[in-house]
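Listed below are the residues making up each chain.
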Amino acid sequence: MSTQVHANLTEEQVRQISGDLDEPDWLLETRLEALEALEELEMPDVIRTPGRDWTNLHELDYESLVDPLNAAEDKDQLGPDEVDVLSWADAVDEHEALLEDHFGSVVDPQENYLTALSTALFSTGTVVYVPEGVDAEDVTIRTEQNSRSLFNYTLVVTEESSSVTILERQSTGTEQDEQYYSGVVEIVAGENSSVQYGSLQNLSEDAYNFTVKRGETDTYATIDWIEANLGTQLTKTEVSTELNGDSSETQIVGAFYGHNDQHFDLDAKVWHRAEHTTADLVTRGVTDDVARSVYEGVQDVGRDAWDTSSYQRENTLMLSDDSEADASPKLIINNHDTEASHSATVGQIDQEDLLYMTSRGVDPRTARNMLVEGFFVPVLEEIAVDELREDLEEQIAARLRKRE
Amino acid sequence: MARLELNNLHAEVAEGDEKILEGVDLEVESGEIHALMGPNGSGKSTTAKVIAGHPAYELTEGEVLLHLEEDEFGEEIEIDEDQRTWDLLELEPNERAALGIFLAFQYPAEIEGVTMTNFLRTALNAKIEEREELFEEDDGEDEEEEDEGFESSPMEGPADDGEVGVAEFQQILQEKMEQLDMDEKFAQRYLNAGFSGGEKKQNEVLQAAILEPSIAVLDEIDSGLDIDRLQDVSDGINALRDEQGTGVLQITHYQRILDYVEPDRVHVMLDGQIAKSGGPELAEELEDKGYDWVREEVYGTA
């Protein structure tokens, strides 16, 4: 509780944000309650290994980072006609009942200090609503941050037997010394619907980023996440699915590449809470220079989760001796009728692999880059959205080319 | 013509002081096939790895020289008189490859996510480029700097540049794969990933066929091959010699492959040295009598 922003955060500011968006009273109340709760709330859990907290969220100077009334961004929110892809203000106007049903239903606004801060202060966002039976591809959301802080909110609701693929990207337009991006994403996947939500975070390397993305599935629903992190000085994210419906499924695919002194704290979580559910968690990442990555993956199989299948793999490749990586896959099983696996590795480029390639004439630099690009292929192959895959591939290749 | 010359080569494991090679003398010339035989642990594989430039070994004495004749790389590469002998121990593995050295690994690496086609075309182009650099006239000192500027262009990827283009390479690859009786699906598979032992060995010979080495060292290329594949692999090795004039140093435990790939010379390695050399009949003798008689003959003890 050492870091607080109360000094420059006021109820008036929150009222002004909500008023500018023409929000109904219940929403204003939710925001004000979140603001008030800041005093009591803790920072989100960070990953700990013996003797060490990997990520220090208290060290951030929120007081100077958070500038709620001067949010500025450049945003695209595009999608096919048969789905609603709305700015937050339009959604408030057109879909109030939908928001009242689902806003804050997956991620509790008062889950921790940073979610509450985000709830109190978000001034922009996107609502994607997919009506029953509609199959929609190519919903794209692009946010370019131009201000000191930006609080963003995304809600996806899919009705029965619909499907949608969404690509949401964050980058920085006008750069400043330090910037703060906060994002909350909630997905409510209706019965037998399917969502693929891909995220590509490529904010400035001076930026801080806090993001929670969580979805919940109804019966036979599927939520597939792609979580790609390339930017920021410090990223703290959680990507998670609550498998609440029988026979529902989720996949969490992660890719990250940290260099310079970037720091990534990445959580992937799945809660199996119904019968016949399946989860597949696959993350691959690279650390270079003095970058640090810490990954925690949790598969939580509940007491009533009969016939669960749950798989998790994480691999980190360290390109430098001074980078650091830690990964811990966790499996909590409260129902014995479970087929599960979990593994994590942290390693360096295999010298025998390198020699094999150089002995055929490939110079060591190209050989190493090919090995790194090849290392990401198993996660790239899981990405159904071509644009996201190609974008990510290109950015990885570009970062590799800049080395040495 | 090219000639690989090992003189009094001594090597030990870089981490630790275990001596492995204790004075190896050996010469292999273009168009010749040499078999290198010997019991396990005698230093055969180490010899192969040292020639390729494996970083796990420290060379404590001796030299590995490659002698090239003027026309070794055709008309386009002019080899000056002072560029005809190379001390391989001074060169990186990829530079050795550019000069025409090829090592077929006993246990080829499995490289996930890199397709055969992509890898082999990259290797072929890198080899051509490196060779041009090695034989470049000395007056072009500023060339390196130009390269740096090149790299800063964000769209410049390795994918589509290089001497041999995608279409041309596909054709070369297809042709060589047919010769070796390999399924064309291999071209799109990841390099050795999930290949059977035999497929990996076949793939090593395919790579040699594409890279056209002056001297190829084949480390137990025959192990784990069934009879049909042994035939394919042997045809591939003979084609290297007959069509490209490659000199072959073939490391093997078995006479079997020598029935298909007839060696000009057979060498027996014992305790880190070449203990005995002879014609093809030596291999047959070894097959009958084992290695102990060589030891006896050389050291006078059993």
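Computed from a predicted model, the values in this text were never measured in an experiment.

Rules and cut-offs
- Throughout, residues of each chain are indexed from 1 in the direction in which the sequence is written.
- Here the convention is simple: chains get letters from A, ligands get numbers from 1, in the order in which they are written.
- Side-chain atom pairs in this predicted model are given and counted only at pLDDT of 80 or more, local residue features only at pLDDT of at least 70, and totals for whole chains, interfaces and linings cover all residues.
- Calculation of side-chain values draws on the structure's entire complement of heavy atoms; hydrogens and water are dropped beforehand.
- Under the scheme applied here, a residue whose accessible area is under 20% of the maximum for its type counts as buried, over 50% as exposed, and between as partly exposed, the area being computed with a 1.4 Å probe on protein chains only.
- Labels follow the DSSP assignment, with helices taken as runs of H or I lasting at least four residues and strands as runs of E lasting at least two, numbered in each case from the N terminus.
- As used here, the arc is the angular range of directions from the helix axis to the C-beta atoms.
- Site definitions follow a grid-based scheme: protein atoms alone, a 1 Å grid, a 1.4 Å probe that fits but cannot get out for cavities, and for pockets an open set with protein on both sides within 12 Å along at least five of seven lines, plus lining residues having an atom within 4 Å of a point.
- Grid points are joined across faces, edges and corners, and a volume is the space filled by probe spheres set on the points.
- Side-chain classes follow a simple rule in which Ala, Val, Leu, Ile, Met, Phe, Trp, Tyr, Cys and Pro form the nonpolar group, Asp, Glu, Lys and Arg form the charged group, and the remainder, Gly included, forms the polar group.
- Whether two strands pair depends on DSSP finding at least two bridges between them.
- Angles shown run from 0 to 180 degrees and are taken between the N-to-C directions of axes, each axis being a line fitted to C-alpha atoms and, for helices, limited to the stretch in contact.
- Here the word oblique covers every angle except those under 35 degrees (roughly parallel), over 145 (roughly antiparallel) and from 65 to 115 (roughly perpendicular).
- Helix crossings fall into two classes, left-handed where the near helix is turned counterclockwise from the far one by less than a right angle and right-handed where it is turned clockwise.
- Working rule for contacts: check all heavy atoms of both residues, and any pair within 4.5 Å makes them a contact.

Time to look at helix α8 (residues 280-289) of chain B. All names here are of chain B. Along α8, the residues that are buried comprise L282, A283 and L286. Projection of α8 onto a plane perpendicular to its axis shows the buried side chains occupying an angular sector of 100°, all on one side. G290, located one to two residues past α8, shows a positive phi value of around 75°.

One number sums up the size of the second largest pocket: a volume of about 340 Å³. What lines the second largest pocket is a set of 18 residues, and nearest its centre among them are A:R284, A:L317, A:D353, A:F375 and B:E112. Those elements that place two or more of their residues in the lining of the second largest pocket are β18 (308-318), β20 (338-348) and α8 (364-380) of chain A. Split by residue class, the lining of the second largest pocket holds seven nonpolar, six polar and five charged.

For a regular strand, the rule is simple: side chains alternate between the two faces of the sheet. All names here are of chain A. Counting buried residues along strand β16 (residues 278-287), nine of its 10 residues qualify, which places the element largely inside the surrounding structure. Here strand β14 (residues 249-258) pairs with β16 via 10 bridges, running parallel. In the sheet register, G258 faces β16, and the bridge partner there is T287. For β16 and β18, the ladder comprises 10 bridges, and the chain directions are parallel. Residue R284 lies in a different strand from β18, and its bridge partner there is N315.

The next subject is empty space enclosed by the protein. The method is simple in principle: a probe with the dimensions of a water molecule rolls over the atoms, and the space it marks as empty is what remains. All names here are of chain A. Under the definition given, this model contains five cavities of 30 Å³ or more. Its boundaries defined by the atoms lining it, the largest cavity holds a volume of some 90 Å³. Surrounding the largest cavity, 13 residues form its lining, E227, G254, L266, T283 and Y295 being those nearest its centre. For the lining of the largest cavity, the elements supplying multiple residues, two or more each, are β12 (222-229), β13 (234-243), β14 and β15 (263-272). By residue number, the principal contributor to the lining of the largest cavity is β14, which donates four residues. Tallied by class, the residues present in the lining of the largest cavity amount to seven nonpolar, four polar and two charged. In this model, the second largest cavity occupies a volume close to 80 Å³.

Before going further, it helps to spend a moment on the packing of helix α1 (residues 11-20) of chain A against helix α2 (residues 25-37) of chain A. Residues and elements named next belong to chain A. Relative to each other, α1 and α2 sit at 150°, their axes nearing to 10 Å. Relative to α2, α1 is oriented roughly antiparallel. Crossing geometry of α1 relative to α2 is assigned as right-handed. In this structure, α1 contributes E11, V14, R15, I17 and S18 to the contact, and α2 contributes L28, R31, L32 and L35. Considered class by class, the residues forming the contact of α1 with α2 number five nonpolar, one polar and three charged.

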